[in-house]
Amino acid sequence: MRFVALALLPLALTVGACSVESVSAESQGTAIPAGAADVAARLQNSPRHAEWAMIPAAPGSRDSIAAWVVYPERRDNAPVVVVIHEIFGLSSWVRGVADQLAADGFIAIAPDLLSIERGGATTDSMAAADARAMIQRVTPDKMNAMVAAVGQYGMNLPAAKKVYGVVGYCWGGSASFNHAVFNAPGLKAAVVYYGSSPSAEDIAKVRIPVLGLYGEDDQRVNATIGRADSTIKAIGGTFEQHIYAGAGHGFLRAQDQRPANLEAARRAWPETLRWFRRHLN
């Protein structure tokens, strides 16, 4: 089954530099990534070609990054989007996000940034507590080097355009913003789902457009939005942010935990596609 993204016209209450999205009664379709409860069935029934790849961490390196690669069905070359996982490592849910990105026309690559720590093994069945402990060893420098290597791998695929973007969730949201600071060759856009912003000193290095998507009930993260907004404005960059009314942290995964999470997911995903289609094409 092919899922087609719907263009939404969000209703918003402007608060400072951010917009708090209101809930619409209008039907908005199902062309969003599956929530955690539904992702297994979505992956099982996906018609898209997907495969595991082992990507060298650096030229000549013996270390390889395990990554899930999903291809769109289209007649021309596609932009690449690197999907950065949560603190739990590369889960089925993250692979489901990659599958939806491919349904929407992108080559999606979801690297397992813990696979080197595990000698090349993936973390899909790893206990959450073990993943949390292991991810502490993935420093921003290590993360950026791995994501850049994955981005270069993606751009070198025969079916790819020579550009890539990054999107991340929770820990991966912060990583996505940090990768925008890194300014790797070919990187053209970043999307941050409920991830904390870097320091103002680091944000001042950003040279690509960044989109931030946040739940209203997530002040731990939202308290860091202001410095991103003011710093990127000061350097003449592009930072757009949306805060979704009543939604909590992790709303895209936790769509079934509260109605506001599902509404936030339905509004955030079209914004994600709009951002990548504007800046990767």
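Please read these numbers as outputs of a predicted model, since none were measured by experiment. Residues take numbers from 1 onward in each chain, read along the sequence in its written order. Totals for whole chains, interfaces and linings use all residues, but because this is a predicted model, local features are given only for residues with pLDDT of at least 70 and pairs of side-chain atoms are given and counted only at 80 or more. Computation of side-chain values covers all heavy atoms of the structure but excludes hydrogens and water.

1. A word on helix 8 (residues 225–234)
Now for step 1: Listed as buried for helix 8 are Ile225, Ala228, Asp229, Thr231 and Ile232.
Now for step 2: We count a stretch as a helix when DSSP gives it H or I for four or more residues in a row; a strand needs E for two or more, and each element gets its number in order from the N terminus. Positive backbone phi, at 75°, marks Gly236, one or two positions downstream of helix 8. When accessible area is computed with a 1.4 Å probe and restricted to protein chains, residues below 20% of their type maximum are described as buried, those above 50% as exposed, and intermediate ones as partly exposed.

2. Quick notes on the side chain of Asp99
Now for step 1: Tracing the sequence through the fold places Asp99 in helix 2 (residues 92–103).
Now for step 2: The buried category is assigned to Asp99, whose relative accessible area is 4%.
Now for step 3: A distance of 2.5 Å separates the side chain of Asp99 from the side chain of Ser46, its partner in a polar contact.
Now for step 4: Not counting chain neighbours up to four residues away, the residues in contact with Asp99 comprise Arg42, Leu43, Ser46, Arg48 and Val70. Any pair of nitrogen or oxygen atoms within 3.5 Å is treated as a polar contact; in protein, a donor-acceptor pairing is required on top of that, and neighbouring residues in sequence qualify only through side-chain atoms on both sides. It only takes one pair of heavy atoms within 4.5 Å for two residues to be counted as in contact.

3. Some points on the confidence of the model for the protein
Now for step 1: The pLDDT value tells you how sure the predictor is about a given residue, anywhere from 0 up to 100. When pLDDT is averaged along the protein, the result is 88; 87% of the residues meet or exceed 70.
Now for step 2: Here residues 1–29 is a poorly scored stretch, pLDDT under 50, and it has 65 contacts once near neighbours within four places are set aside; other chains count.

4. Topic: the nonpolar core
Now for step 1: Here, the term nonpolar core denotes a set of buried Ala, Val, Leu, Ile, Met, Phe, Trp, Tyr and Cys residues that are joined through side-chain atoms within 4.5 Å. By size, the foremost hydrophobic cluster in this structure holds 52 residues, and its most contacted members are Ile107, Tyr164 and Trp171.
Now for step 2: If you tally residues by element for this core, the top one is helix 4 (residues 140–155), at 7 residues.
Now for step 3: Look past the residues within four positions of Trp171 in its chain and what remains in contact with it is Ile84, His85, Glu86, Ile87, Leu113, Ile135, Val138 and Met143.
Now for step 4: In this structure, Ile32, Val81, Leu90 and Ala110 belong to the second largest nonpolar core, which totals 40 residues.

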